[in-house]
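# Examination of the molecular architecture
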Amino acid sequence: MKNQSFTKKSSVRLKTILAIAVATSLSSSLVHAQAGASDDNKQTRANSSKSNELSQRTESSFADAWDFADLYNTEHGDYLKLSGRLQLDSTWVDSDQGDYNDTLWRRFRFGFKAKHGELKVALEADINLNDSLGDAYNRLTDANVSWSLDKDTELKFLKQSTGFTLDGKTSSKKLLTPQRNNLTNNLWFTSEYFTGVSVKSKLSNDWSYKTGIFSSDGSDEISISDASYFAMFSTSKKLAKSNLWDKGEVSLDYVYNDTHEDGNTRDFSQVISTSSKFRQNDWGFHSDISWGKGDLGQSDLFGVVIMPTYQQSEKIQWVARYTYLKSSEDNGVRLGRYDSKVVDEYGQSSVEGERGDKYQEVYAGVNWFINDHKLKLQAGLQYAKMDDNANDGGAYDGWSFTVAMRSYW
């Protein structure tokens, strides 16, 4: 099978430069951290104090660069801000079924958000920088109006994010891995933005909830005329500090989907997801256990994700992840975003070619927070295996490596 790669020399250069820059930066950060510890006794307290002060001033000045997005603010909390995100991926896949590599703009979104009194407005467009300018516009993402009923309750109308599962309700701006886990890829409605109405509120004893009803219409803009609807309810509880964790939170998500052949959702009539997040000192642990009731030819699906993290420093975070998925019938599990590219002849995923009945993945990676999540670099190595009992093209066994840049404002 032929390798899938950019034919343009500029793209190859970009990939090489990005990979070298990230590797060098991460290595320098680690070496600097180690050197700082070993040279502690050689430096005077005065020099150390001056160095820390200079570093803090430099970081503060760099973070201030994001103030460009603040167009207008008042003492009453009203504002007008630019909003958006810019994300870049460079990926290499080496599997028994074939190879794939590409460097591409993963996401570019641009718009604004505003607040006046109890009302908020958001409008943001998704733009494909990999296409020519005339074909770059994809769709609207956020296009909604919110009304604060009180300090803890918000009502939102029109097109908005509908998040459930651990990674599904985590914005791509703040994911700890370059791509969402494959449990979310299979069960969550990956179009993410749907027209509807929702309400979220904080309750007593650290409980909170979000619920809503949405059209499954797949329109690029605001529309409820096609397909059908789905309803979602999520609740979460922040746990008191204990001997086992400094911070803890558990969540439950439930989705009822009136599946429709023209819907822009996955073909599950019901989805239940229980997820958790814990942190103790520098260690963290995230998990997700989810189940979906299949419909329209999709079989039932069960999945588990566990993701430990280690915060080495303010800038460096290590992440590991294990994912397990099993469908009750053949061809009920999809491959991940880039793994699916090597299954068929042309590097494009197809319904038949990317499906099996059991999937396992192990991931290890590192995040470098240049300006917290507002600008970070991510690198991760993944091994994935898909069993295909039907033996119709969905088997997969391979490694992939991704270097990513994530920025938002």
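Note: the structure precedes this text.
Read on for a plain summary of the structure.

Cut-offs used in this document
Residues numbered from 1 in each chain as written. Predicted model: local features only at pLDDT ≥ 70, side-chain atom pairs only at ≥ 80, totals over all residues. Heavy atoms only, no water. Pairing = 2+ DSSP bridges. Helix = DSSP H or I, 4+ residues; strand = E, 2+ residues; numbered from the N terminus. Patch = residues over 30% accessible without salt bridge, like charges linked within 9 Å, V, L, I, M, F, W, Y side chains within 5 Å. Areas by Shrake-Rupley, 256 points an atom, 1.4 Å probe, with all protein chains shown as cover. Salt bridge = Lys/Arg side-chain N within 4 Å of Asp/Glu carboxyl O. Lys, Arg positive; Asp, Glu negative; His and termini not counted. Charge placed at Lys NZ, Arg CZ, Asp CG, Glu CD. Buried < 20%, exposed > 50% of the residue type's maximum accessible area, 1.4 Å probe, protein only. Core = buried A, V, L, I, M, F, W, Y, C linked by side-chain atoms within 4.5 Å. Contact = heavy atoms within 4.5 Å.

### Some remarks on the pairing of strand β8 (residues 207–215)
Within a regular strand, side chains alternate between the sheet's two faces. In terms of strand pairing, strand β7 (residues 193–202) meets β8 through seven bridges, oriented antiparallel. Note that in β8 the partner of Val 197 across the bridge is Ile 213. Looking at chain direction, β8 and strand β9 (residues 229–239) are connected through nine bridges and run antiparallel. Of the residues in β9, the one forming a bridge with Ile 213 is Ala 231.

### Some thoughts on a positive patch on the surface
Together, Lys 202, Lys 238, Lys 247 and Arg 279 make up a positively charged patch on the protein surface. With respect to the element layout, Arg 279 can be found in strand β11 (residues 268–280). For Arg 279, a relative accessible area of 40% gives the class partly exposed.

### What about the pairing of strand β6 (residues 153–161)?
Direction of pairing for strand β5 (residues 137–150) relative to β6: antiparallel, over a ladder of seven bridges. Paired with Val 145 across the bridge in β6 is Phe 157. The hairpin turn running from β5 into β6, its antiparallel successor, is two residues long.

### Description of the nonpolar core
With 27 residues, the main nonpolar core has Phe 164, Val 255, Tyr 359 and Tyr 396 as its most contacted residues. Listed by contribution, the elements that provide at least two residues to this core are β3 (98–116), α3 (182–187), β9, β11, β13 (301–311) and β18 (375–387). Apart from residues lying up to four places away in sequence, Tyr 359 is in contact with Asn 182, Thr 323, Tyr 324, Leu 325, Val 333, Leu 335, Asp 339, Gln 382, Ala 384, Lys 385 and Met 386. Within the second largest apolar cluster, 14 residues are counted, among which are Leu 82, Leu 88, Leu 377 and Trp 409.

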